[in-house]
Amino acid sequence: QTQLLGVLLAAASNFLVSVSLNIQKCAHLRLVCQAEQKPYYTSKLWWCGIILLGLGEVGNFTAYGFAPIALVAPLGCVSVIGSAFISVFFLKKTMRTADILGGTLTITGIYLLVTFAPNVPQELTARQVQNYLVSWPFLVYSILEIIVFCILLYFYKRKAVKHIVVLLMMVALLASLTVIAVKAVSSMIALSVKGKMQLTYSIFYIMIVLMAASCAFQIKFLNQAMHLYEATAVVPINFVFFTTSATISGVVFYREFQSAALLSVFMFLFGCLLSFLGVVIIARNKKEEHLQIPFIDCGHIPGQKLTGKIQPDSHSSCYGTLNKEDDSVKRQS
């Protein structure tokens, strides 16, 4: 019953996340169509999306206290299915046969995930978390993750590479730390409520700081991806990266498949494969649409001797700029 509650919480929370991402993308599109330059955080619609995203993440936080990471993380495919259908209303997309087929495969994968997920104790004490934190498998995993993240961050900062894979890989690497911290914090709070006080241990507060910091940077990179790319592209890729990273972290840190039968592991992986395949089918051939923004006739602007027309750039933080003539050109009085 406890694990079932975690499944229901995770499914509902990821549906809210899919709604929030589409609302944020809708807010960005509206800002692009406005003549006046405004940053996205001044949009009320964008903040509505952020609030829904927060509610979804709170639900996911609670779900990790009732179910293993290997089960909660793959249920992010609910957000993919939700995004495919919700985008029809928010972003005026067209429902395709591929969306229905992909959704069917994904739902089948969810059934296998829930059925063959590892059944491990969900109550974790502070001492157990401390022992997991200093175990050699996690130390090796952490070193590798830090190296990969630093390489990606170098290309992002120094080389200005903002490809969707780079952005979402950084999100996934941060998410692996987030789910570890969330699982620990949620379990320690649950034990404390039951009378086994765990909040006096320093590891509890270390995990809270780790959770907050990784979540903040996830939002930064995920919002950057949503600003530059279509939600129907961001959500599926983010799901695949996040699920893989979170499941690996659960296996390495909490050893969730340590006592699982071989058949259960195989069927669980097959369920993941079906979910991934469904996500790929949903996202296949979905190209980024060009916005139908009217061109601006620069010749009608007083004080500027310009010819030709320009169009706002939807891929930059400034929604359109004007070219200026040389200083030698005098302005009309």
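Scroll up for the structure.
Residues numbered from 1 in each chain as written. Predicted model: local features only at pLDDT ≥ 70, side-chain atom pairs only at ≥ 80, totals over all residues. Heavy atoms only, no water.

A.B. asks: How do you make sense of the overall build of the protein chain when you look at a structure like this?
C.D. replies: Scanning the protein chain for helices and strands turns up 11 helices and 2 strands. Scanning the protein chain from its N terminus toward the C terminus, one meets helices and strands in the order α-α-α-α-α-α-α-α-α-α-α-β-β. In the protein chain, buried positions account for 46% of the 333 residues. Within the protein chain, contacts between residues separated by at least 24 positions form 80% of all contacts whose residues are at least 6 apart in sequence. On the protein chain, roughly 17,900 Å² of surface is accessible, and the fraction owed to carbon and sulfur atoms is 66%. (Helix = DSSP H or I, 4+ residues; strand = E, 2+ residues; numbered from the N terminus. Buried < 20%, exposed > 50% of the residue type's maximum accessible area, 1.4 Å probe, protein only. Contact = heavy atoms within 4.5 Å. Areas by Shrake-Rupley, 256 points an atom, 1.4 Å probe, with all protein chains shown as cover.)

A.B. asks: What is the right way to read the nonpolar core from this model?
C.D. replies: Nonpolar side chains in soluble globular proteins tend to be buried together. Grouped together as the largest cluster of nonpolar side chains are 67 residues, with contacts concentrated most on M170, M207, F221, F253 and Y254. Here this core gets 15 residues from one element, more than from any other, and that element is helix 8 (residues 164-193). Setting aside anything within four residues of it in sequence, one finds M207 in contact with V129, L133, I180, A181, A184, V185 and F253. (Core = buried A, V, L, I, M, F, W, Y, C linked by side-chain atoms within 4.5 Å.)

A.B. asks: I keep staring at the packing of helix 5 (residues 97-116) against helix 11 (residues 262-283) and nothing clicks. Help me out?
C.D. replies: To characterise two packed helices, one gives the angle between the axes of the helices and the distance between these axes. Between helix 5 and helix 11, the least distance of the axes is 7 Å, while the angle of their chain directions is 160 degrees. If you check the angle between helix 5 and helix 11, you find them roughly antiparallel. As for how helix 5 packs across helix 11, the hand of that crossing is left-handed. Of the residues contributing to the contact of helix 5 with helix 11, the split by class is 16 nonpolar, 9 polar and 1 charged. (Axes fitted to C-alpha atoms, helices over the stretch in contact; angles between N-to-C directions. Parallel < 35°, antiparallel > 145°, perpendicular 65-115°, else oblique. Left-handed = near helix turned anticlockwise from the far one by under 90°. Nonpolar A, V, L, I, M, F, W, Y, C, P; charged D, E, K, R; others polar.)

A.B. asks: Looking at this structure, how should I read the packing of helix 1 (residues 2-33) against helix 9 (residues 202-228)?
C.D. replies: Running from N to C, helix 1 and helix 9 point in directions that differ by 55 degrees, and their axes come no closer than 9 Å. For the element pair helix 1 / helix 9, the angle class is oblique. Here helix 1 and helix 9 pass one another in a crossing that is right-handed. Residues L21, Q24, K25 and H28 of helix 1 form the contact with helix 9, whose own contacting residues are L222, N223, M226, H227 and L228. Residues of the contact of helix 1 with helix 9, tallied by class, amount to 4 nonpolar, 4 polar and 1 charged.

A.B. asks: Please clarify how the packing of aromatic side chains should be interpreted in this entry.
C.D. replies: The geometry of an aromatic ring pair is captured by the separation of the ring centres together with the interplanar angle, meaning the angle of the planes. Taken as a whole and assessed by the stated rule, the structure comprises 10 aromatic pairs. With a centroid separation of 4.9 Å and an interplanar angle of 80 degrees, the aromatic rings of W46 and W47 are classed as edge-to-face. Here the aromatic cluster, defined as three or more aromatic residues joined through ring pairs, consists of Y132, F138, F253 and Y254. (Phe/Tyr/Trp six-rings, centres within 6.5 Å; stacked < 30°, edge-to-face > 60°.)

A.B. asks: Just to check I follow, could you spell out helix 2 (residues 44-64) for this structure?
C.D. replies: Each turn of an α-helix holds 3.6 residues, which means side chains three or four residues apart point in the same direction. Taking 1.5 Å per residue as the helical rise, helix 2 with its 21 residues ought to reach 30 Å, and the 31 Å between its terminal C-alpha atoms agrees with that figure. Turning to helix 2, its buried residues are W46, G49, L53, G56, G59, N60, A63 and Y64. Projection of helix 2 onto a plane perpendicular to its axis shows the buried side chains occupying an angular sector of 140 degrees, all on one side. Exposed and oriented more than 90 degrees from the buried face of helix 2 are K44, I51 and V58. (Expected span 1.5 Å × (residues − 1). Arc of directions from axis to C-beta.)

A.B. asks: What exactly am I supposed to notice about unusual backbone geometry here?
C.D. replies: The phi angle of most residues is negative, glycine excepted, and most peptide bonds adopt the trans form. We note that R255 has phi near 50 degrees; this positive angle belongs to a residue other than glycine. Here R255 lies in the loop between helix 10 (231-254) and helix 11. Residue classification places R255 among the partly exposed residues on the basis of a relative accessible area of 34%.

A.B. asks: Honestly, the side chain of N238 in this entry has me stumped. Any pointers?
C.D. replies: Inspection of the secondary structure assignment puts N238 in helix 10. In this structure, N238 is in contact with L168, V171 and L222, ignoring residues within four places of it in sequence.

A.B. asks: When you look at the environment of V166 in this model, what are you seeing that I'm missing?
C.D. replies: Relative to the helices and strands, V166 is located in helix 8. Judged by its relative accessible area of 13%, V166 falls in the buried class. Separated by 10 residues in sequence, V166 and Y156 have C-alpha atoms that sit 7.5 Å apart. Ignoring sequence-local partners within four residues, the contact set of V166 consists of L152 and V161.

A.B. asks: Even after reading the chapter, I still don't get a nonpolar patch on the surface, so can you show me in this structure?
C.D. replies: Side chains of I143, I147, I151, Y154 and F155 sit close together on the surface and give an oily, nonpolar patch of about 480 Å² of accessible area. Position of Y154 relative to the elements: it lies in helix 7 (residues 136-157). Owing to a relative accessible area of 41%, Y154 belongs among the partly exposed residues under this scheme. (Patch = residues over 30% accessible without salt bridge, like charges linked within 9 Å, V, L, I, M, F, W, Y side chains within 5 Å. Salt bridge = Lys/Arg side-chain N within 4 Å of Asp/Glu carboxyl O.)

All we've got here are geometric facts, nothing functional implied.
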